[in-house]
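Structural characterization, general
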Amino acid sequence: MSRARKPILYSLRSKLLATLVVLLATSMFVATWFAISLIRKNIRREMEAHLKADSSMSWQILRERLEKLESLVSLTAADNTVKVTLDLGIVPQLKEHLRKIVSANELGFYKITDSRGVCVSHSATVSEGTSFLQEQITAALQGKPAGGFTLVNYHPGSTKSSAGTTISHARKELMMVAVSPIRVRKQIGGTLSFGRLIANDKGIINSTRKNVKAEMVIWQKGTGVISSSLAEDNFATLEAPLTEVFDKAMLEKEQLHTTDLAVDDTNFLVAIYPLRDLRGNTVAFSTLLKNIEALKTLEKQTIKRMVVISFFGVCVAIVFASLVTRSISKPIKKTVEAMIAVTEKDDLTQRVKMNVKGEVGKLVSAFNNMVETIRESRAGLEELANTLDQKVKDR
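What comes next is a walk through the structure.

The rules behind the values
- Residues numbered from 1 in each chain as written.
- Predicted model: local features only at pLDDT ≥ 70, side-chain atom pairs only at ≥ 80, totals over all residues.
- Heavy atoms only, no water.
- Helix = DSSP H or I, 4+ residues; strand = E, 2+ residues; numbered from the N terminus.
- Buried < 20%, exposed > 50% of the residue type's maximum accessible area, 1.4 Å probe, protein only.
- Contact = heavy atoms within 4.5 Å.
- Core = buried A, V, L, I, M, F, W, Y, C linked by side-chain atoms within 4.5 Å.
- Arc of directions from axis to C-beta.
- Polar contact = N/O pair within 3.5 Å; in protein donor to acceptor, adjacent residues only side chain to side chain.
- Pairing = 2+ DSSP bridges.
- Patch = residues over 30% accessible without salt bridge, like charges linked within 9 Å, V, L, I, M, F, W, Y side chains within 5 Å.
- Areas by Shrake-Rupley, 256 points an atom, 1.4 Å probe, with all protein chains shown as cover.
- Salt bridge = Lys/Arg side-chain N within 4 Å of Asp/Glu carboxyl O.
- Lys, Arg positive; Asp, Glu negative; His and termini not counted.
- Charge placed at Lys NZ, Arg CZ, Asp CG, Glu CD.
- Axes fitted to C-alpha atoms, helices over the stretch in contact; angles between N-to-C directions.
- Phe/Tyr/Trp six-rings, centres within 6.5 Å; stacked < 30°, edge-to-face > 60°.

Below, the discussion takes up the overall build of the chain. Summing up its helical and strand segments, the chain has eight helices and twelve strands in all. Each of the 395 residues in the chain was classed as buried or not, and the buried ones make up 37%. The long-range fraction of contacts in the chain, counting pairs at least 24 apart against all pairs at least 6 apart in sequence, stands at 61%.

To continue, consider the nonpolar core. The biggest cluster of nonpolar side chains holds 56 residues, and the ones touching the most others in it are Leu98, Ile112, Leu174 and Phe194. Examining the composition of this core, we find that eleven residues originate from one element, helix H1 (residues 12-77), more than from any other. Apart from residues lying up to four places away in sequence, Ile112 is in contact with Val82, Leu86, Leu94, Leu98, Val118, Cys119, Val120, Ser121, Ile182, Thr191 and Leu192.

Every buried residue of helix H2 (residues 80-88) is accounted for by Val82, Thr85 and Leu86. Projection of H2 onto a plane perpendicular to its axis shows the buried side chains occupying an angular sector of 100 degrees, all on one side. Pointing more than 90 degrees away from the buried face of H2 are the exposed residues Asn80 and Leu88. Of the residues flanking the start of H2, the one acting as N-cap is Asp79, its side-chain oxygen 3.2 Å from the backbone nitrogen of Thr81.

What follows deals with the pairing of strand E12 (residues 282-291). Counting buried positions along E12 yields eight of ten residues, so the element is predominantly enclosed. Looking at chain direction, strand E8 (residues 215-220) and E12 are connected through six bridges and run antiparallel. The residue bridging Ile218 from the neighbouring strand is Ser286, located in E12. Note that strand E11 (residues 266-276) and E12 share nine bridges and pair antiparallel. Within E12, the position partnered with Leu269 by the bridge is Lys290. Hairpin connection, E11 to E12: the antiparallel pair is bridged by five residues, and Gly280 has positive phi, about 90 degrees.

What follows concerns a positive patch on the surface. Together, Arg326, Lys330, Lys333 and Lys334 line one region of the surface with positive charge. Here Lys330 shows up in helix H7 (residues 293-345). Owing to a relative accessible area of 37%, Lys330 belongs among the partly exposed residues under this scheme.

This brings us to the sheet that holds strand E9 (residues 224-228). The sheet built from five strands is open, its strands ordered E9-E8-E12-E11-E10 with antiparallel pairing. Of all the strands in the sheet, just E9 and strand E10 (257-263) have a single pairing partner and so form its edges. Neighbour-to-neighbour, the strand axes of this sheet turn through a mean angle of 30 degrees, independent of strand direction. As judged from the four bridges shared by E8 and E9, these two strands associate in the antiparallel manner. Of the residues in E9, the one forming a bridge with Val217 is Ser228.

Bringing the packing of aromatic side chains into the picture now. Per the counting criterion, the structure on display carries four aromatic pairs. When the ring of Trp59 is compared with that of Phe149, the centres are 6.2 Å apart and the planes differ by 40 degrees; the resulting orientation is tilted. Of this pair, Trp59 sits in helix H1 while Phe149 is found in strand E3 (residues 146-154), placing the two residues 90 residues apart along the sequence. The class of Phe149 is buried, set by a relative accessible area of 4%. Taken together, a centroid distance of 5.9 Å and an interplanar angle of 70 degrees make the contact between Phe311 and Phe312 edge-to-face.

Laid out in structure tokens, this is it:
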């Protein structure tokens, strides 16, 4: 008859080993999961910090470009040719002089008004309207220069943006504008306005490529991408998903919005900040895209290393747990075997010969003392019985 198979966790050692393995594996898993989460958070935080720094640099590039425009309009407004021709009403000479400045500095338009704010002359590329820069012109007539971004009815002819898209005729285009008062004989005799079309501003793109470690895209509300440092091949791939991101950003009123973008198995981290017009309305977004594939690869490699280290840690823990459980269970097993020999075979010569310390050592010592006490008691009883038998026989 075959012996019944014992369950896996029958012995004390197996139970102790299983308990220790579960505890160690669980603690190792929790520690690994926490470490991976921390690594991901730190990498993400580091990526966002770098992109925010690049965003600040990108914004500074736009601000410097605007400041140059403001400086140019101030210097031109202080030009004697402008002052004299405006004061004397020599419009053809004034128009030709301003046209040369606009052409030399690659500006989008100019507009000059008299002391009442009435337009004297303007570029053919823009439409004259009663509301066009009227608030800024009114402020300039009070001696307050103004500058910023705004949408302008622009007639550029046939031209293309730096993103490769055709700019259509007679539509609102994003420009940076600067308005300055013209002082004639210590009085304000009119205003001068300059505008630079952002879609054709190669200076912004070149400065971005030189100083920012990310690609820049400028997206105009109602038009789409008007300027980009991306190559045309890359831009064609990113245009559709970027448009979705911009449409979503229009619904949010954040100063700086960061999000992830995955295109054709390539991961990008995107930072979007709004460009507001002179009235504070969001008219466009300046966006930076950073390819984070290298960082994603580093993250995966780090996580893989963590998993491998954790696996070896669990293996080492199992070996250590096995040695610990053996040091506990072996003397107990020897003690159990000796107790069975004492109870079933009446063998009082059984001793557990192991040098063990701690509670298990006390158990072994107590068992040996107990068996010795029983043996001595039995020997004493046998001697007493023999003495009584002898006395009975002597009678």
